Amino acid sequence: MTVSYRVEAGGKSSLLGPTEFVIGRSLYCTMIVDDPSVSRLHASIRRSGNRCEVADLGSRNGTFVNDKKVGEEPVPVTPDDEIRVGNLVIRLVEVTESSREQARTSPHLIYAAGVDDAPTQSIVKTNCRSPNGSDEGGKGE
């Protein structure tokens, strides 16, 4: 049986597809985060069989799994893990067939289900500030 995952952050969610899922402020990201503590290209989550891995993409404020800093080398993550990019907490949720059907019809989710359930861009807005109180959050500001 193939396992599917959803990425949840800031009350929004998006289906994790077969390609790299990039989180950041850039319009090129899969999940666009409107938060100054998040870099333009902050972190990526990718599938490896039925497992998932997260890696930092050279962000300024770091990527953490269960409060342990993650580098550019991918580390495995499970639905029990807390992933943090800047000040934003992200959860990985295992998707069952019934929750996949809910995702197709729920107006609260921001992923648009296609025939093949391809993920779309998600935009997460937060009111966070970086830990030092500035509005700087991304690499290459």
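The structure this text deals with has already been given above.
Residues numbered from 1 in each chain as written. Predicted model: local features only at pLDDT ≥ 70, side-chain atom pairs only at ≥ 80, totals over all residues. Heavy atoms only, no water.

Peer 1: Could you clarify how one ought to interpret the sheet that holds strand 11 (residues 88-95) in this entry?
Peer 2: As a general point, the strands of a sheet are linked pairwise by backbone hydrogen bonds and lie either parallel or antiparallel. Reading across the sheet, the six strands line up as 2-1-11-10-7-8 and stay open at both edges, with antiparallel pairing between neighbours. Strand pairing shows two members of the sheet lacking a second neighbour, strand 2 (12-16) and strand 8 (68-70), which therefore form its edges. Between one strand axis and the next, the sheet turns through 30° on average, direction left out of account. Here six bridges tie strand 1 (residues 4-9) to strand 11, and the two strands are oriented antiparallel to one another. Within strand 11, the residue paired with Val-7 across the bridge is Leu-92. (Pairing = 2+ DSSP bridges. Helix = DSSP H or I, 4+ residues; strand = E, 2+ residues; numbered from the N terminus. Axes fitted to C-alpha atoms, helices over the stretch in contact; angles between N-to-C directions.)

Peer 1: What am I meant to see in the nonpolar core here?
Peer 2: In summary, soluble globular proteins display a tendency toward joint burial of nonpolar side chains. Membership of the largest hydrophobic core comes to 22 residues, with the highest contact counts inside it found for Val-7, Leu-16, Ile-23, Ile-45 and Ile-90. Those elements that provide at least two residues to this core are strand 1, strand 3 (21-24), strand 4 (31-34), strand 5 (43-48), strand 6 (51-56), strand 10 (83-85) and strand 11. Look past the residues within four positions of Leu-16 in its chain and what remains in contact with it is Tyr-5, Arg-6, Val-7, Phe-21, Ile-45, Arg-47, Cys-52 and Leu-92. (Core = buried A, V, L, I, M, F, W, Y, C linked by side-chain atoms within 4.5 Å. Buried < 20%, exposed > 50% of the residue type's maximum accessible area, 1.4 Å probe, protein only. Contact = heavy atoms within 4.5 Å.)

Peer 1: How do you make sense of unusual backbone geometry when you look at a structure like this?
Peer 2: For residues besides glycine, phi is generally negative; the peptide bonds are generally trans as well. The backbone of Asn-66 sits at a positive phi, close to 50°, despite the residue not being glycine. With respect to the secondary-structure elements, Asn-66 resides in the loop between strand 7 (63-65) and strand 8. With relative accessibility at 39%, the residue Asn-66 sits in the partly exposed group. The phi angle at Asp-67 is positive, at roughly 65°, despite the residue not being glycine. Tracing the chain through its elements places Asp-67 in the loop between strand 7 and strand 8. By relative accessible area, which is 58% here, Asp-67 ends up exposed.

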